[in-house]
Amino acid sequence: MKEESEWCEHLEFLLAGAGAELEGGAELEVSDRSGDVVFLAPLARHFRVDETGTLWVRPVVGGYRPEPGLGMPPYAFSLNSARRRGLDPVRVRREGLQLVLELDSGEVARIRPAGPETLPELQRWDTFYLLVLSAEEEADLDALWGDSCLGDWA
């Protein structure tokens, strides 16, 4: 239990983007069994570990520029695309600033400070999350329970 709490603390630190080494958040990179990167995206700033040990995160995907109109933000996200994802780690270790999760699927997930490829999208997500979504929508996203969204940003 102590080991899980240590990596959860570090994950919280990465997602917050706090500290001199971090510019503003975290990204998730997943590699297949041969080491090829199959997924890379910034992560929203919340996570949850359930009773079975699954780590729930929200990769930030599905961004788009809506048609200009009254009250429309300059950039938005499809919340059905940016849905929660579960990672089932067999082992978790730290390598420098990053967390390395060996998954039961044989893939390897790395959570690390967001880089130049993903940081701009994360900043757009933060703006959308903080300025466009209602408090209820924010709370639903933070809880990482549901897989689909109804409403304006589905």
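Notes on the structure in this doc start here. What you see is a predicted model, and the numbers here were worked out from it, not measured in a lab.

**Observations regarding the nonpolar core**
Part 1 of the reasoning: Leu55, Leu99, Leu101 and Ile111 are the most contacted members of the largest nonpolar core, which has 18 residues in total.
Part 2 of the reasoning: Looking at this core, the elements with two or more residues in it are helix 1 (2-16), strand 1 (26-31), strand 3 (55-59), strand 8 (98-103) and strand 9 (108-113).
Part 3 of the reasoning: Looking at which element gives the most residues to this core, the answer is helix 1, with five residues.
Part 4 of the reasoning: Ignoring any residue separated from it by four or fewer positions in sequence, one finds leucine 99 in contact with Trp7, His10, Leu11, Leu14, Val92, Arg93, Arg94, Ala109, Arg110 and Ile111.
Part 5 of the reasoning: Core analysis: the second largest hydrophobic core is formed by 16 residues, Leu119, Tyr129, Leu141 and Trp153 among them.

**Notes on the pattern of salt bridges**
Part 1 of the reasoning: Within this structure, the stated rule accounts for eight salt bridges.
Part 2 of the reasoning: Across the salt bridge formed by arginine 112 and glutamate 29, the nearest N and O atoms sit 2.7 Å from each other. With arginine 112 in strand 9 and glutamate 29 in strand 1, this residue pair connects regions lying 83 residues apart in the sequence.
Part 3 of the reasoning: Note on arginine 112: relative accessible area 18%, which makes it buried.
Part 4 of the reasoning: For glutamate 29, a relative accessible area of 13% translates into the label buried.
Part 5 of the reasoning: In this structure, the salt-bridge partner of arginine 93 is glutamate 102, at a minimum N-O distance of 2.6 Å.
Part 6 of the reasoning: Taking relative accessible area as the criterion, arginine 93 reaches 34% and is therefore assigned partly exposed.

Reading the values: rules and limits
- Along each chain, residues carry numbers from 1 onward, in the same order as the chain's sequence is written.
- Local features are withheld for residues below a pLDDT of 70 in this predicted model, meaning they are given only at 70 or higher, and side-chain atom pairs are given and counted only at 80 or more; totals for whole chains, interfaces and linings count all residues.
- Think of the side-chain values as coming from all heavy atoms in the structure, minus any hydrogens and water.
- The set of buried Ala, Val, Leu, Ile, Met, Phe, Trp, Tyr and Cys residues whose side-chain atoms join them within 4.5 Å is what this entry labels a nonpolar core.
- The buried label applies to any residue whose accessible area, calculated with a 1.4 Å probe on protein chains only, is under 20% of its type's maximum; exposed applies above 50%, and partly exposed to all values in between.
- Put simply, DSSP H or I for four residues or longer makes a helix, DSSP E for two residues or longer makes a strand, and each gets a number counted from the N terminus.
- Whether two residues are in contact is decided by their heavy atoms: any pair within 4.5 Å suffices.
- For salt bridges, the criterion is a side-chain nitrogen of Lys or Arg within 4 Å of an Asp or Glu carboxyl oxygen.

Note that all results are geometric; they support no functional claim without further evidence.
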